[in-house]
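Structure assessment
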Amino acid sequence: MSKPFHILSPDDEGHYSSQAHALDAQLAQRFGEGAHPVDDLAHQMAREESRRRFFSRGARGIGALALASLLGENARAASADRPAVGGLPGLPHFAPKAKRCIYLHLVGSPPQMETFDYKPQMKEWFNKDLPDTIRKGQRLTTMTSGQSRFPIAPSVFGFKQYGKSGAWVSDLLPYTGKMADDIAIIRSMHTEAINHEPAITFFQTGFMIAGRPCIGSWLSYGLGSMNQDLPTFVVLQAKHNHPKANVQAISARLWSAGFLSGQYSGVSLRSSGDPVLFINNPGGVPTSVRRDMLDALGKMNEINFQKLGDPETKTRIAQYEMAFRMQSSVPELTDLSKEPASTWKMYGEEARKPGSFAQTCLMARRLTERGVRFVQVYHRGWDVHGLLPEVLPSQCKEIDQPCYALIQDLKQRGMLDDTLVILAGEFGRTIYSQGKLTETDYGRDHHPRCFSLWMAGGGIKGGVVHGETDEFSYNITQDPVHVRDFQATILRLFGIDHERLTYAYQGLNVRLTGVEPASPVKAILA
């Protein structure tokens, strides 16, 4: 038993000290029950003890509590100050353009000069050193800071212009080029993070150190659920194919709710086995028995709620109910047998392979179609420190047709207008080569000063190319867009003023975009 911080307070396991029990007995004899002036305080302490012990028991492990984030519409209705569909009072702040979001994150970060930032003049700079006037003493990673020189590595891949805007798109992404008029390309993104973990965390949570809520959690917290049978926020992890692709690790911290309630965390669906662990009944337990068990447990929890008034008790009741409903909604969601032949033609045969990026995009469409508000997709293998000409074509082929298919699929179903789609990495890559440079082989190091991404649907103006970089794709020369601006833009599209969506934590009114200035990118808004 850990030591209590005060003799009148319970320890971490909810136990009171012998001194506290002795004092309580003395006061009861002197004043009588309910007559002592500190009895109200004692009642509050009892509530705290119950809450501590409730979460302590839950954290130790029955399987169903692994579904703590599966809080749906009915659960949020249990709170008196929330509307029936959940979310915070007063949100959205203004009419939203987007209701849903599919965020495709390319973990490791693709090189912008091989995708959307065409630099043909670099051909003349092959194997020449990057000028110091361009690098300007930039902090480098330990992977290239020890190099004696920084030789320019022009892209070996061609580019073509597409759409009314004449956007330059790599030959590695021909399907993406076909939808140039549907997407807005930002070529002037920048960040401070130079390594993967803090960079991805910054993109997802607005802070480089893990522990803050991610974008999906903020939207779940602020806007609530649009369905009763599936989570508000779902995470999918796509497989990559090339065996030599450099893979960065990711963890559940990226879809964590941080200091928000765990109900707002993302729920990860697996591509093999049970999509959600512990979702099925144990062997020998029929649905009718599970239903009876939940009804009985609900009555017990209701008695507990009436006694102590702890709203988390209502939350737990709703979570069990959500898990029960998901036993029927998840199998229907993941059954792709009824998709027509046109779907497979559009997404490609890779979409038939469980866990492929193509099937993940199809699943993202099915999730948003069923009312999931935020779908986060991760695709790894983009950390091209070496073997870039060999690995990058495979990576691009995996995402190109599925991204095009997703946009067209949403458009055909009338969903693109209110579904925001994002394709992004966490930073850019250097124009100079990491390691040995030849005419057919090179790699690129991390580069935070400029990189590219695209957005589509949900209030985004298609056919836009925003921002410019210098001839080396090293520094931004026009219309810089910081990660905070990108986050403010997402919230704006959902009808949220990023400065007004806050949560009181450790004496601060914390927000996704932090305390430094941030502005939505108006040039890409429809």
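Keep in mind it's a predicted model, so treat the numbers as computed, not measured.

In a regular helix each residue adds 1.5 Å, so 25 residues correspond to 36 Å; helix α12 (residues 388-412) covers 36 Å between its end C-alpha atoms and thus fits that length. Burial analysis of α12 places 19 of its 25 residues in the buried class, which makes it a mostly covered element. Looking at the residues trailing α12, positive phi occurs at Gly 414, about 70 degrees.

We now examine the state of the cysteines. Overall, the coordinates contain zero disulfides when judged by the stated rule. Cys 403 forms no disulfide, and the closest cysteine sulfur to it belongs to Cys 361, at a distance of 5.1 Å.

Here we come to the nonpolar core. Formed by 60 residues in total, the largest nonpolar core has its most connected members in Leu 104 and Trp 454. Filtering out sequence-adjacent residues up to four positions away, Leu 104 remains in contact with Phe 357, Cys 361, Val 377, Cys 403, Leu 406, Val 421, Ile 422, Leu 423 and Ala 424. Membership of the second largest hydrophobic core comes to 54 residues, among which are Leu 88, Leu 260, Val 464 and Val 481.

Further remarks concern the pairing of strand β1 (residues 100-106). Looking down a regular strand, the side chains alternate between one sheet face and the other. Taken across its seven residues, β1 has seven buried, putting it largely inside the fold. The alternating pattern of β1 places Arg 100, Ile 102, Leu 104 and Leu 106 and Cys 101, Tyr 103 and His 105 on opposite faces, both of which are buried. Direction of pairing for β1 relative to strand β8 (residues 419-424): parallel, over a ladder of six bridges. Paired with Arg 100 across the bridge in β8 is Thr 419.

Further remarks concern the pattern of salt bridges. Taken as a whole and judged by the stated rule, the model has 23 salt bridges. Here Arg 365 makes a salt bridge to Glu 369, at a shortest N to O gap of 2.9 Å. Of the two residues, Arg 365 and Glu 369 both sit in helix α11 (residues 357-369), four residues apart, roughly one turn of that helix. On the basis of relative accessibility, which here comes to 34%, the residue Glu 369 falls in the partly exposed class. Several salt bridges share partner residues, and in doing so they unite Glu 332, Glu 339, Arg 365, Arg 366, Glu 369, Arg 370, Asp 409 and Arg 413 into one network.

Mapped onto the elements, Val 465 comes out in strand β12 (residues 464-466). Note on Val 465: relative accessible area 29%, which makes it partly exposed. Note: C-alpha distance between Val 465 and Ala 523 (58 residues apart in sequence) is 9.4 Å. Setting aside anything within four residues of it in sequence, one finds Val 465 in contact with Ser 165, Ala 167, Ile 185 and Arg 187.

Before going further, it helps to examine empty space enclosed by the protein. Counting across every chain of the model gives four cavities of 30 Å³ or more. Space inside the largest cavity adds up to approximately 100 Å³. Around the largest cavity, the lining comprises 14 residues; the ones closest to its centre are Leu 106, Pro 110, Thr 115, Phe 116 and Leu 423. For the lining of the largest cavity, the secondary-structure elements that each account for two or more residues are α12, β8 and β11 (451-456). Residues of the lining of the largest cavity, tallied by class, amount to 10 nonpolar, four polar and no charged.

A full pass over the atoms with the stated rule returns 17 aromatic pairs. Ring plane angle 40 degrees and centroid distance 4.5 Å describe the contact between Tyr 118 and Trp 168, whose orientation is recorded as tilted. Of this pair, Tyr 118 sits in the loop between β1 and α4 (132-135) while Trp 168 sits in strand β3 (residues 167-170), placing them 50 residues apart in sequence. Residue Trp 168 is classed as partly exposed on the basis of its relative accessible area of 29%.

Here we come to a nonpolar patch on the surface. Where nonpolar side chains cluster on the molecular surface, the patch consists of Phe 207, Met 208 and Ile 209 and spans about 260 Å² of accessible area. Along the chain, Ile 209 turns up in the loop between α6 (196-205) and α7 (215-223). Taking relative accessible area as the criterion, Ile 209 reaches 56% and is therefore assigned exposed.

Moving on, we get to the packing of α11 against α12. Taken N-terminus to C-terminus, the directions of α11 and α12 make an angle of 20 degrees; their axes are 8 Å apart at the nearest point. What the angle tells us is that α11 and α12 run roughly parallel. Considering the relative orientation of α11 and α12, their crossing is right-handed. In this structure, α11 uses Phe 357, Ala 358, Cys 361, Leu 362, Arg 365 and Thr 368 to contact α12, whose residues at the interface are Glu 398, Ile 399, Pro 402, Cys 403, Leu 406, Asp 409 and Leu 410.

This next bit is on the side chain of Ser 452. Secondary-structure assignment places Ser 452 in strand β11. We classify Ser 452 as buried; its relative accessible area is 12%. In this structure Ser 452 touches Gln 112, Phe 116, Asp 117, Ile 186 and Arg 187, once residues within four positions along its chain are discounted.

What counts and what doesn't
Residues numbered from 1 in each chain as written. Predicted model: local features only at pLDDT ≥ 70, side-chain atom pairs only at ≥ 80, totals over all residues. Heavy atoms only, no water. Helix = DSSP H or I, 4+ residues; strand = E, 2+ residues; numbered from the N terminus. Expected span 1.5 Å × (residues − 1). Buried < 20%, exposed > 50% of the residue type's maximum accessible area, 1.4 Å probe, protein only. Disulfide = S-S within 2.5 Å. Core = buried A, V, L, I, M, F, W, Y, C linked by side-chain atoms within 4.5 Å. Contact = heavy atoms within 4.5 Å. Pairing = 2+ DSSP bridges. Salt bridge = Lys/Arg side-chain N within 4 Å of Asp/Glu carboxyl O. 1 Å grid on protein atoms, 1.4 Å probe; cavity = no way out; pocket = protein on both sides within 12 Å on 5 of 7 lines; lining within 4 Å. Points joined across faces, edges and corners; volume = space filled by probe spheres on them. Nonpolar A, V, L, I, M, F, W, Y, C, P; charged D, E, K, R; others polar. Phe/Tyr/Trp six-rings, centres within 6.5 Å; stacked < 30°, edge-to-face > 60°. Patch = residues over 30% accessible without salt bridge, like charges linked within 9 Å, V, L, I, M, F, W, Y side chains within 5 Å. Areas by Shrake-Rupley, 256 points an atom, 1.4 Å probe, with all protein chains shown as cover. Axes fitted to C-alpha atoms, helices over the stretch in contact; angles between N-to-C directions. Parallel < 35°, antiparallel > 145°, perpendicular 65-115°, else oblique. Left-handed = near helix turned anticlockwise from the far one by under 90°.

Bear in mind that shape data such as this cannot, by itself, settle questions of function.
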